[in-house]
Amino acid sequence: MASSKRSVLQFSSTQSLSGKVHPLVIFNICDCYVRRPDQAERVIGTLLGSVLPDGTVDIRNSYAVPHNESVDQVALDIEYHHNMLLSHQKVNPKEVIVGWYSTGLGVTGGSALIHEFYSREVSNPIHLTVDTGFANGEGSIKAYVSNNLSLGDHQIAAQFQEIPLDLRMVEAERIGFDNLKATAVDKIPSDLEGMEASMTHLLALIDDTYKYVDDVVEGRVVPDNKIGKCISDVVGSLPKIPSSTFDKLVNESLQDHLLMLYLSSITRTQLSLAEKLNTAAQIL
C-alpha cells in the first residue's frame, strides 16, 4: 500500500520578547515626522540599542531613512542607512540595530517588505509604530515581531505579533511627553513651571494615597498587602529631619539651580558674541 505524503502547515513563533523604549526615541521620531517631505505620508527609520541579559530589547536611539512608497512596493535608501549606522557606531559602538520604526497606526501593507530587509540586518528585529496624530491627547506606541507561516519548506506568509513595550520616564521627560501629546501649546514651560507641575502632580498622588489609607482604615476598601508594603517602604525612606531643616535644604537647592541657569545663560551670550566678532573680523 503506497504511503501518501502530507504537507503540514507550520507556524514558527519567535521566542518571547519584550521591549523598552527611551523617551528620546519617541521625541526623535516625532521630530522627523514634522520635518518629513511634503509628499511623504509617514516616516520610516532604524532603531538602535541592545539586547539585555533577560531578553528585553532596549531601544535607546533612532534615525530616519529616506524612502519612496507606493501601493505595492517600498524603496529604502540603503546607502544612507548604512552611512548613518557607521556614523552612530563611531560615537557609541555598543549600539546595534534592533529593529525599525514607522509612524502611523499599526502595521500596513508595506511593513512586511521593510521587515524582510531588516531581518537581513539583524535576527528577529522589532517593528515599532508611533501614532504621531495623538488623537484625544493620547499616543499609541506599539511594538511587534514577525512570525513566519510556512507550508512544508515554503514560507507563505508572515504575521506581526504585538509584544509588551515599556515606556518609562523620569519626571522631566514626562512633562515633555505630556506637552508633546497636547499637539498645540502656547510655549514650552520653564524650569520653574515644570517644577510647579511636578509638585502639583506629586500632591495629587499624596492625596490619592491618603484617601486609600482612610478607606482601608474605615473598612470601605479591602486592604492590599502589596500596596501597604509600597507605602511603608516610601514612608520609611523619608529622612527624619525637622521641617525647617527640610525647607532650608530645598531653598538652597533651588538657589543653586537658579545660579546654574544664570551661568549657562551668560555662557551662551558670550559664545554668541564671540561668533559674531569672529564673523565680522573675517569680513573686514
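Definitions and cut-offs
- Residues numbered from 1 in each chain as written.
- Predicted model: local features only at pLDDT ≥ 70, side-chain atom pairs only at ≥ 80, totals over all residues.
- Heavy atoms only, no water.
- Helix = DSSP H or I, 4+ residues; strand = E, 2+ residues; numbered from the N terminus.
- Buried < 20%, exposed > 50% of the residue type's maximum accessible area, 1.4 Å probe, protein only.
- Contact = heavy atoms within 4.5 Å.
- Areas by Shrake-Rupley, 256 points an atom, 1.4 Å probe, with all protein chains shown as cover.
- Core = buried A, V, L, I, M, F, W, Y, C linked by side-chain atoms within 4.5 Å.
- Salt bridge = Lys/Arg side-chain N within 4 Å of Asp/Glu carboxyl O.
- Phe/Tyr/Trp six-rings, centres within 6.5 Å; stacked < 30°, edge-to-face > 60°.
- pLDDT = per-residue confidence, 0-100.
- Patch = residues over 30% accessible without salt bridge, like charges linked within 9 Å, V, L, I, M, F, W, Y side chains within 5 Å.

1. So, the overall build of the chain
In terms of regular secondary structure, the chain is built from seven helices and eleven strands. Considering the chain as a whole, with its 284 residues, one finds that 25% of them fall into the buried category. Summarising the internal contacts of the chain: among those between residues at least 6 apart in sequence, 61% fall at separations of at least 24. Here the chain displays about 19,800 Å² of accessible surface, and carbon together with sulfur accounts for 57% of that area.

2. Some words on the nonpolar core
Where a protein is soluble and globular, its nonpolar side chains tend to be buried together. The biggest cluster of nonpolar side chains holds 22 residues, and the ones touching the most others in it are Ile-26, Leu-47, Ile-59, Tyr-101 and Leu-128. Among the elements that take part in this core, helix H1 (residues 23-34) stands out by supplying five residues, more than any other. Every residue in contact with Leu-128, bar those within four places of it in the chain, is listed here: Val-21, Ile-29, Leu-47, Trp-100, Tyr-101, Ser-102, Ile-141, Lys-142, Ala-143 and Leu-165. Within the second largest apolar cluster, twelve residues are counted, among which are Val-65, Ile-97, Ile-114 and Tyr-118.

3. Quick word on the pattern of salt bridges
Here the structure, examined in full by the defined rule, presents six salt bridges. The residue Asp-215 makes a salt bridge to Lys-211 at a minimum N-O spacing of 3.2 Å. Of this pair, Asp-215 and Lys-211 are both found in helix H5 (residues 191-218), four residues apart, which corresponds to roughly one turn of the helix. Asp-215 gets classed as buried once you look at its relative accessible area, which sits at 10%. The closest approach of N and O atoms between Asp-233 and Lys-229, which form a salt bridge, is 3.2 Å.

4. Some remarks on the packing of aromatic side chains
What the rule picks out here adds up to two aromatic pairs. Ring centres of Trp-100 and Tyr-118 lie 6.1 Å apart, and the angle between their planes is 10 degrees; this geometry places the pair in the stacked category. Of the two residues, Trp-100 sits in strand E7 (residues 96-103) while Tyr-118 sits in helix H3 (residues 111-121), which places them 18 residues apart along the sequence. Residues Phe-117 and Tyr-118 carry aromatic rings whose centres are separated by 5.1 Å and whose planes lie at 80 degrees to one another, so their mutual orientation is edge-to-face. Each member of the pair, Phe-117 as well as Tyr-118, is classed as buried. Linked through ring pairs, Trp-100, Phe-117 and Tyr-118 together constitute an aromatic cluster.

5. Observations regarding the confidence of the model for the chain
Summing up the model confidence of the chain, the mean pLDDT is 80 and the portion of residues at 70 or higher is 82%. Note on residues 1-12: pLDDT is under 50 here. Beyond four places in sequence and across chains, it has 18 contacts.

6. What to know about the environment of Leu-48
Here Leu-48 is to be found in strand E3 (residues 44-51). In sequence terms Leu-48 and Leu-85 are 37 residues apart; their C-alpha atoms lie 8.8 Å from each other. Sequence-distant contacts of Leu-48, that is, excluding residues within four places in its chain, are made with Asp-58, Ile-59, Arg-60, Asn-61, Tyr-63, Leu-85, His-88, Glu-95, Val-96, Ile-97 and Val-98.

7. A word on unusual backbone geometry
A positive phi is found at Asn-124, a non-glycine position, where the angle reads about 55 degrees. Mapped onto the elements of the fold, Asn-124 is located in the loop between H3 and strand E8 (126-130).

8. Focus on a nonpolar patch on the surface
On the surface, a cluster of nonpolar side chains totalling about 830 Å² of accessible area is made up of Leu-192, Met-195, Met-199, Leu-202, Leu-203, Ile-206, Tyr-210, Leu-258 and Leu-261. Contributing elements (two or more residues each) for the nonpolar patch: H5 and helix H7 (243-283). By residue number, the principal contributor to the nonpolar patch is H5, which donates seven residues.

9. Side note on the side chain of Thr-129
Along the chain, Thr-129 turns up in strand E8. Contacts of Thr-129, omitting those with residues within four sequence positions, involve Ser-102, Gly-104, Gly-106, Ser-140, Ile-141, Lys-142 and Tyr-144.

10. So, the environment of Ile-231
Its place among the elements puts Ile-231 in helix H6 (residues 225-237). Since its relative accessible area comes to 24%, Ile-231 is described here as partly exposed. Each C-alpha atom of the pair Ile-231 and Val-213 lies 9.4 Å from the other, and the pair is 18 residues apart in sequence. Residues contacting Ile-231, with those up to four places away along its chain left out, are Thr-209, Tyr-212 and Val-213.

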